[in-house]
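Tertiary structure, described
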Amino acid sequence: MDERLVHALHVQALRHAELRPENDAHVVFQTSTIGALLDGAYDGDVAMREVLEHGDLGLGTLDALDGELIVVDGVAHAARVDGTLRAVAPGERTPFAVVIPFAADVRVPLRGPLTLQRLLAVVDAHLPGGRRIVHALRVDGRFERVHARSVPRQERPYRPLVDVVAQQRVFELRDLDATMVGFRFPSDADALNVTGHHLHVADAARAHGGHVFDCVLAEGELAIDHSSAVHAELPPGVRIATTAAQAAAVASAERER
Ligand SMILES: [Zn+2]
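Residues numbered from 1 in each chain as written. Predicted model: local features only at pLDDT ≥ 70, side-chain atom pairs only at ≥ 80, totals over all residues. Heavy atoms only, no water.

**What about the packing of aromatic side chains?**
Going through the model one piece at a time under the given rule, you end up with 2 aromatic pairs. Arranged with centres 5.0 Å apart and planes meeting at 55°, the rings of Y42 and Y158 form a pair that is tilted. Taken together, the residues Y42 in the loop between α2 (34–38) and β3 (46–47) and Y158 in the loop between β11 (135–150) and α5 (161–165) connect sequence positions 116 residues apart. Among the residues examined, Y42 registers a relative accessible area of 0% and is labelled buried. Seen from their ring centres, F183 and F185 are 6.3 Å apart, and the 65° between their planes marks the pair as edge-to-face. (Phe/Tyr/Trp six-rings, centres within 6.5 Å; stacked < 30°, edge-to-face > 60°. Helix = DSSP H or I, 4+ residues; strand = E, 2+ residues; numbered from the N terminus. Buried < 20%, exposed > 50% of the residue type's maximum accessible area, 1.4 Å probe, protein only.)

**Here's the deal with the nonpolar core**
Membership of the largest hydrophobic core comes to 35 residues, with the highest contact counts inside it found for V28, F183, F185 and L192. V106, V108, V139 and M180 belong to the second largest nonpolar core, which has 26 residues in total. (Core = buried A, V, L, I, M, F, W, Y, C linked by side-chain atoms within 4.5 Å.)

**Some points on the environment of V11**
Inspection of the secondary structure puts V11 in strand β1 (residues 11–14). When its relative accessible area of 17% is taken as the criterion, V11 is described as buried. Spatially, the C-alpha atoms of V11 and T31 are 12 Å apart, while their sequence positions differ by 20 residues.

**Examining the sheet that holds strand β9 (residues 96–100)**
Taken in spatial order, the 8 strands line up as β1-β15-β2-β9-β4-β5-β6-β7 in an open sheet, and their pairing is mixed. Because the sheet does not close on itself, it has two edges, and the strands there are β1 and β7 (85–87). Along the sheet, successive strands turn relative to each other by an average axial angle of 20°, direction set aside. Examined bridge by bridge, strand β4 (residues 57–61) and strand β5 (residues 68–72) share 4 bridges and lie antiparallel to one another. The partner of L59 across the bridge, within β5, is I70. (Pairing = 2+ DSSP bridges. Axes fitted to C-alpha atoms, helices over the stretch in contact; angles between N-to-C directions.)

**Details of empty space enclosed by the protein**
The final tally for this structure, using the stated rule, is 1 cavity of 30 Å³ or more. There is about 30 Å³ of room inside the largest cavity. Every residue along the wall of the largest cavity is listed here: E22, N23, D24, V27, V28, F29 and H54. Split into classes, the residues belonging to the lining of the largest cavity amount to 3 nonpolar, 2 polar and 2 charged. (1 Å grid on protein atoms, 1.4 Å probe; cavity = no way out; pocket = protein on both sides within 12 Å on 5 of 7 lines; lining within 4 Å. Points joined across faces, edges and corners; volume = space filled by probe spheres on them. Nonpolar A, V, L, I, M, F, W, Y, C, P; charged D, E, K, R; others polar.)

**Quick word on the side chain of Q30**
One can find Q30 in strand β2 (residues 27–31). Within the local environment of Q30, its side chain forms a polar contact with the backbone oxygen of L192, the two atoms lying 2.9 Å apart. With residues near it in sequence (within four places) discarded, Q30 still touches F96, A97, V98, F185, L192, N193, V230, H231, A232 and E233. (Polar contact = N/O pair within 3.5 Å; in protein donor to acceptor, adjacent residues only side chain to side chain. Contact = heavy atoms within 4.5 Å.)

**Some thoughts on the pairing of strand β14 (residues 209–226)**
The buried fraction of β14 amounts to 13 of the 18 residues, a majority that puts the element mostly inside the structure. Pairing of strand β10 (residues 106–115) with β14, which is carried by 8 bridges, proceeds in the antiparallel orientation. Bridged to V106 within β14 is I224. Taken together, the 14 bridges between β11 and β14 define a ladder with antiparallel strand orientation. In the sheet register, R142 faces β14, and the bridge partner there is E219. Pairing analysis gives 3 bridges linking strand β13 (residues 196–203) to β14, with the strands arranged antiparallel.

**Considering the pattern of salt bridges**
Enumeration according to the criterion identifies 15 salt bridges in this entry. Across the pair D73 and R206 runs a salt bridge, and its minimum N-O distance is 3.5 Å. Here R206 lies in the loop between β13 and β14 and D73 lies in the loop between β5 and β6 (75–79), a separation of 133 residues in the sequence. For R206, a relative accessible area of 24% translates into the label partly exposed. When salt bridges with common partners are traced through the structure, they connect D66, R86, E92 and R153 into a single cluster. (Salt bridge = Lys/Arg side-chain N within 4 Å of Asp/Glu carboxyl O.)

Right, here's the structure in full:
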């Protein structure tokens, strides 16, 4: 990530001890980075109760990569490898989660059938804040089908995420009312998060869900929250590769631990 992007996203790096409950509208909160997760950093650092102090909508995973995390309406669910959901206990930790106190800036009625590609084109047509900031997304609707996946809990020694994804289970949910939640990160934010669109789904009964690959939406509503800043909690040893000045600040913060 270059300095201009860090500036554009208003990224603030925090250590766990610095976390305070804060629920500021339009501020994205994330734990760790996708770069650390890709490298196999699956040990949870932040408890779900702390994550939920920073937002009521979002996604991520759980300690030991134990399923896909779906946060909707302030409740945390985890998709087991077969696509069934379980409740996440407040004390469960997460190695990677992204949430926002969701407040829609834009609402767009959707008329299907819309594939995921067409749905995301509608999203991109409603980003007046530009493509260099982070947008949170929520889609409530009736779906003919949703193609999704989850991943199995990992045992140590952890393997890189690319190897785990080879073990993913893909499933199809049919004829359901559901909510999709997620984010759109700028294409050059790859050190921080999944770039482009990233959506997780939970059905209306909060019984099934996962990481979304594709869908056919019959009808529904899209809501977008244009974020103003990203607060990133970085576990020990994790940093956002940015400028020399920021790297020095991170190094100095680590010395103080
Ligand atoms: Zn995902």
